[in-house]
Amino acid sequence: MKRFILTLIIFFLILSTSLIKNTTKKIEDEIYNIKENLRSLNSQLEEVFFEYIYLSSSEKLLEFQLLYFEDQLIPKDISEIKLITTKHDANTIEDLNITKN
Amino acid sequence: MNSRIISENNKNDFSSKKIKSNTSVQFNRIAFIFFFFFVIYLIYTIHLIHLGLRKSNNKPINNFNSISTKFQRADIIDVNGNYLAKTVSSIDVGIKPVDIIDKKKLILSLKYIFPNKDFVEIEKRIEKNKFFKFERRISPDNYEKIMKLGDKSIVSEENVIRLYPQKNLFSHIIGQIDDGNRGISGLEKSLNQRLKDSNDPIRLTVDKEIQFLIRSELVRYQEIFKNKGAAALLMNVNNGDIISLLSLPDFDPNLRQNITDVNYINKVTKGTYELGSVFKSFTYAAALNEDLIKPETEFLDLPKTIYCGRFPISEYDEKMPSDLTAEKILIRSGNIGSVRIAEKIGPKKFKLFLEKIGVLGQINFDIEEIALQKNLEFDRCRLETAAYGHGITTTILQLAKGYSILSNGGFDIEPKLIKRKKNNEKKIQILNVGVSEKVVSALRKIVNTEEGTANLADVNGYEIAGKTGTAQQPIGGEYSSAKINTFVSVFPSSKPEYVFIVMLETPKIASDYVYTLRNNKGTIKGTPRNTAGWTAVEVAGKTIEKIGPILATKSLEVEEK
């Protein structure tokens, strides 16, 4: 009986070890794939962001404005800029101040 | 019988021992196998638990690991995360003529991919039978096309380059590196090791948009006033964060030029100047801090000229009244009045005050290009000239620090370019309570009253306070007609947040420029006088008009965050 129980436990250990090993291998493979994908996506993101920063720089935007629009850019006076706050479906309009209130 | 019994007993004993031994061996073997598998089971179970429990690694992945760590250098970003300096990988493609199988076919294919290349020259180079670089920094599309040709004579070489996407905009802050990945100026130099050691980007306090707007105005007015150079500095008076730092002329660090012209020095941190009347605010503040005067203290019978040894000190404005209060001396920028205030303070205390607020002495800063300050002897004559900003030199950076302390309630600050994590350092108050308010109140009157010298900067909505300074430049030991025109502004005066300095080096009179006077007072054509009030103040006013709404909106965004 004792032998039978031991053999059963060993059989169980062999089975569960192979199962767990298989699972960890799968997880490790997944982690590796995700890491590699992340690496390449991160690199792509950096490149796109870098391009975006270059193309959306003030200098470039002014170039595009001159190229595609005939309108002139007019500086806004601070008094023309208002601050709208919505609270309980009611809007309150305040002046924009240079100071933090 | 006995013997048999003994024998049986012996046999039994033997047999019994043997059986016992067999059971023990078998049991130990099973126990060993059990233990062996149990250990393996345990290892994998722990590993599985570890895999399940481990947190995701969000650290930025080093894109250059695969290329080379020799040229590894961290990126530099502005306060909003925009790249100011970035290391990117690039691929150069070369041709090994000895490995070419079909020269005609190769050239035809290359012509198709690179139609604009000079193939006569390329054919000559192929005939020389030596390896040559065919295309540097090839685009990803062309790289794919050229590698698809499958010609083994085409060799690609991966390398990294340092790019400065903002070109000239941050040249004096960022600096540049040499071909060996060594920083040779600016932050590239002072942070050289840190940039090499880590991949984490370094975040600065500067703002790309604000920097662009200020530079645009400086460049525009450089054409109007024909000044040799210019500098501007925008800083938060409460924490020393530099939002913009500009010095003209500047350079494009992407070009890797070897700059030797002294006009290209950083005029904010390295250039030392006699800045003239902007020092009068320090004289006034020092006397208030020592409780020697009040704003309404009267100075009577002020002469038009006094002498410091054989050198005369006179008023710039001939209509300067002889009787003035201390505050009016500052508002009307009186030289003799300022000398009288300084005489009350005395040379020792005045020097100590200037050192305390950081205007004199060495300053600690994030970039290495800072001016070496001399330890000046403060005799009576030096005191008199320093009272109105002559015979004493400092940098724009130190001037900004001084004005920040004068306007932020008297708290010590350190100008900085690198964004620090929020710290709970206790602020040290170095000026007496109430001094700051009195100084800012007088500075405001310089901008918004008729008597003041900076009316052109009275931009509606910003409560600008400030002080002008027009100083003749010493050349060969004597003062020349060339001037340094400076305007230091602090705004909003009700709760100072920013100090903004504009300095123009040798500006000229602009006879065609039309000034629109503030508060609907009409226009004036041509610069009446080549002073800060008509040059640096105009530049500062126009610049604040442009950057003001952005600063107001951004401070709101920061609050919401």
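Residues numbered from 1 in each chain as written. Chains lettered and ligands numbered in written order. Predicted model: local features only at pLDDT ≥ 70, side-chain atom pairs only at ≥ 80, totals over all residues. Heavy atoms only, no water.

## What to know about the packing of helix α9 (residues 280-289) of chain B against helix α15 (residues 435-448) of chain B
All names here are of chain B.
- Two elements in contact, α9 and α15, have axes separated by 10 Å at closest approach and are oriented at 145°. Judged by the sense of rotation from one axis to the other, the crossing of α9 with α15 is right-handed. Along its contact with α9, which presents S281, Y284, A285, L288 and N289, the element α15 presents V435, K438, V439, A442 and L443. (Axes fitted to C-alpha atoms, helices over the stretch in contact; angles between N-to-C directions. Helix = DSSP H or I, 4+ residues; strand = E, 2+ residues; numbered from the N terminus. Left-handed = near helix turned anticlockwise from the far one by under 90°. Contact = heavy atoms within 4.5 Å.)

## A word on the sheet that holds strand β14 (residues 498-505) of chain B
Residue and element names in this part refer to chain B.
- Across the sheet, 5 strands lie side by side as β7-β6-β14-β13-β12; this open sheet has antiparallel pairing. With one partner strand each, in any of the chains shown, β7 (242-248) and β12 (465-475) form the two edges of the open sheet. Within the sheet, the average angular offset between the axes of one strand and its neighbour, ignoring direction, is 10°.
- Direction of pairing for β12 relative to strand β13 (residues 478-491): antiparallel, over a ladder of 10 bridges. The residue bridging T470 from the neighbouring strand is N485, located in β13. (Pairing = 2+ DSSP bridges.)

## Looking at a nonpolar patch on the surface
- A contiguous nonpolar patch, built from A:M1, A:F4, A:I5, A:L8 and A:I9 and spanning about 540 Å² of accessible area, is present on the exposed surface.
- For A:I5, the location among the structural elements is in helix α1 (residues 2-55). (Patch = residues over 30% accessible without salt bridge, like charges linked within 9 Å, V, L, I, M, F, W, Y side chains within 5 Å. Areas by Shrake-Rupley, 256 points an atom, 1.4 Å probe, with all protein chains shown as cover. Salt bridge = Lys/Arg side-chain N within 4 Å of Asp/Glu carboxyl O.)

## What to know about the confidence of the model for chain B
- This prediction gives chain B a mean pLDDT of 86; 90% of its residues lie at or above 70.
- In this model, residues 1-20 of chain B is a region of pLDDT below 50 whose contacts with residues beyond four sequence positions or in other chains number 4 contacts. (pLDDT = per-residue confidence, 0-100.)

## Structural notes on the state of the cysteines
All names here are of chain B.
- For the coordinates displayed, the defined rule picks out 1 disulfide over all chains.
- What pairs with C308 in a disulfide is C381, and their sulfur atoms sit 1.4 Å apart. With C308 in strand β9 (residues 305-308) and C381 in helix α13 (residues 380-387), this pair connects stretches of sequence that are 73 residues apart.
- Overall, C381 belongs to the partly exposed group, its relative accessible area being 29%. (Disulfide = S-S within 2.5 Å. Buried < 20%, exposed > 50% of the residue type's maximum accessible area, 1.4 Å probe, protein only.)

## Overview of the pattern of salt bridges
Residue and element names in this part refer to chain B.
- Per the counting criterion, the structure on display carries 37 salt bridges over all chains.
- The shortest N-O distance in the salt bridge between R215 and D250 comes to 2.7 Å. Here the residue R215 occupies a position in helix α8 (residues 208-225), and D250 occupies one in the loop between β7 and α9, the gap between them amounting to 35 residues.
- Between E414 and K401 there is a salt bridge, with the nearest N and O atoms lying 3.2 Å from each other. Here E414, found in the loop between α14 (396-407) and α15, pairs with K401, found in helix α14; they are 13 residues apart in sequence, far enough to count as distant.
- When its relative accessible area of 36% is taken as the criterion, E414 is described as partly exposed.
- The network of salt bridges with shared partners includes R340, E343, R380 and E384.

## Focus: the nonpolar core
All names here are of chain B.
- One finds L204, L234 and F282 to be the most contacted residues of the largest nonpolar core, which totals 134 residues.
- Of the residues forming this core, the biggest block, 8 residues, is contributed by helix α16 (residues 536-560).
- Shared between two domains, this core holds at least three residues of each, these being domain 1 (76-99 + 132-203) and domain 2 (210-560).
- With residues near it in sequence (within four places) discarded, L204 still touches I76, I77, D78, V79, L84, I173, I174, L187, L417, I418 and K419.
- Of all hydrophobic cores here, the second largest spans 17 residues; its members include I91, L106, F119 and I138. (Core = buried A, V, L, I, M, F, W, Y, C linked by side-chain atoms within 4.5 Å. Domains from an automatic or database assignment.)

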